[in-house]
Amino acid sequence: MKLLRAVSILSLATSILPAQTGPYVLKAQRLFDSASGKIVEPGLVVVSQGKIQSTGSGAVPTGATVIDLGDATLMPGFIDSHTHLTDDFNPDYNGARLLDLQRTIPERAIRATANARATLMAGFTTVRNVGASDFLDVGLRNSINAGIVPGPRMLISLNAIGSTGGHCDGSDGFRPGVFNHESGPQDGVINTPDEARFAVRYNIKYGADVIKICASGGVLSPTDDVDVPQLTQAELNALVEEAHMLRRKAAAHSHGAEASKRAIRAGIDSIEHGTFLDDEAMRMMHDRGVYLVPTLTVRVGLAESKFPPLVKAKADLAVKQQDIMVRRAVELGVKIALGTDAAVFPHGSNAIEFQLMAADGLTAAQSLQAGTIAAADLLGLKDSAGVLRGGMAADIVAVPGNPVSDIKATQSVFFVMKDGKVYRNDRATVK
């Protein structure tokens, strides 16, 4: 019986991941050129050994598998610059906090694999996961890279780094002593520049690809104001300097204007959320090339959730300000990359962000670029992802119709390829 069960489990696992075959020729009526922001017709991409060999017209390689996607648009795999794959969406705020304490680390790890799969099947072939506890993101990233479970390419941060009692202090809101120790640098909680440097080094020691910093209060943290600065200039300087010295980018969770200005002065690479940015902060971002990652899709989850009074007040205030902020950022020419804060809403719904950005002043093409070539630039992946051209990783998705004409088409992905492997193919003709 045990042997049969083991064979059954093995069969299920192997059925999830497709076999490596190729070369492929992908055909569609059109292709989105993310570099120019234009639609090209017809769409054709030749793939071999996990890489894009060529695009446009050309001879079909001998022995290639031809996949004809019909009236569709081939696009680079989508990139989400702000996810939390190791967390689940739960509209019951207090219930979610209790479950986080009740579930074992192995259970949370297994649930994270389902979130990763849902994200990949929605067309997001790369994500930047900005905050996870218990090394769950390390295990998930490594398992995806090893082909054990399907999921997007992950850049991970381990613990986000903030201050005692701040947005990224995991013990915030609980009684003293409940976790048998006060949060410290190994938990991502710092209070001096020296502790900041240690926290960065600790995260990188255990596998961080990017450093996530909590510069301001947050919407979902239970005790702070959403826009208040939570790190000193000296602490931020130390965090960013150490990250850059060790060749890692740094991303700042920051809703408030003053907190954002401190992070920008420190040399931050991106401002996440940016809800209450003022013109001075946005001009600083523009002049220094700092990306804004707006995370507009959080409103989907916030609208469905039940919060304590303080958190609800912060959520309502933030949602009212989001659209105003993004429209102004577009007017001032701030660089924008797509990021969603997935887990604040259900995983797999990430493509709603394209629609919301397009409603806030970006053209449909600019919105698509924000989730492809611009996000690749922010993540340091511009030489391998974000555009369909020879030599790039074969991360390719297809959507029905023309997404430049109808941005909602991004929510109807029906074909997903990552690194030359087909993970989803709902309707294509294969020859």
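Scroll up a little and you will see the structure.
Remember, it's a predicted structure, so these values are computed and weren't measured experimentally.

## Section: a nonpolar patch on the surface
Together, L101, V178 and F179 give the surface a local cluster of nonpolar side chains, amounting to about 230 Å² of exposed area. Tracing the chain through its elements places F179 in the loop between β11 (162-163) and β12 (189-190).

## What to know about helix α4 (residues 136-145)
Listing the buried residues of α4 in full gives L136, D137, V138, L140, R141 and I144. Positive backbone phi, at 80 degrees, marks G147, one or two positions downstream of α4.

## Some details on the environment of A132
Turning to its location among the elements, A132 is positioned in the loop between β9 (124-129) and α4. Along the chain, A132 and G217 lie 85 residues apart, while their C-alpha atoms are 18 Å from each other. Excluding residues that lie within four positions of it along the chain, A132 makes contacts with T86, D137, L158 and N159.

## Focus: the pattern of salt bridges
Using the criterion set out here, one finds 25 salt bridges in the structure. Measuring nitrogen to oxygen at the nearest pair gives 2.6 Å for the salt bridge that ties R153 to D395. Of this pair, R153 sits in strand β10 (residues 153-156) while D395 sits in the loop between α13 (373-379) and β17 (396-400), placing them 242 residues apart in sequence. Neither R153 nor D395 differs from the other in exposure class; each is buried. The residue D279 makes a salt bridge to R283 at a minimum N-O spacing of 3.9 Å. Residue D279 and its partner R283 are located together in helix α8 (residues 279-288), separated by four residues, close to a single helical turn. For R283, a relative accessible area of 42% puts it in the partly exposed group. Overlapping salt bridges, with partners in common, bring together D88, R103, E107 and R111 in one network.

Definitions and limits used
- Residues numbered from 1 in each chain as written.
- Predicted model: local features only at pLDDT ≥ 70, side-chain atom pairs only at ≥ 80, totals over all residues.
- Heavy atoms only, no water.
- Patch = residues over 30% accessible without salt bridge, like charges linked within 9 Å, V, L, I, M, F, W, Y side chains within 5 Å.
- Areas by Shrake-Rupley, 256 points an atom, 1.4 Å probe, with all protein chains shown as cover.
- Salt bridge = Lys/Arg side-chain N within 4 Å of Asp/Glu carboxyl O.
- Helix = DSSP H or I, 4+ residues; strand = E, 2+ residues; numbered from the N terminus.
- Buried < 20%, exposed > 50% of the residue type's maximum accessible area, 1.4 Å probe, protein only.
- Contact = heavy atoms within 4.5 Å.

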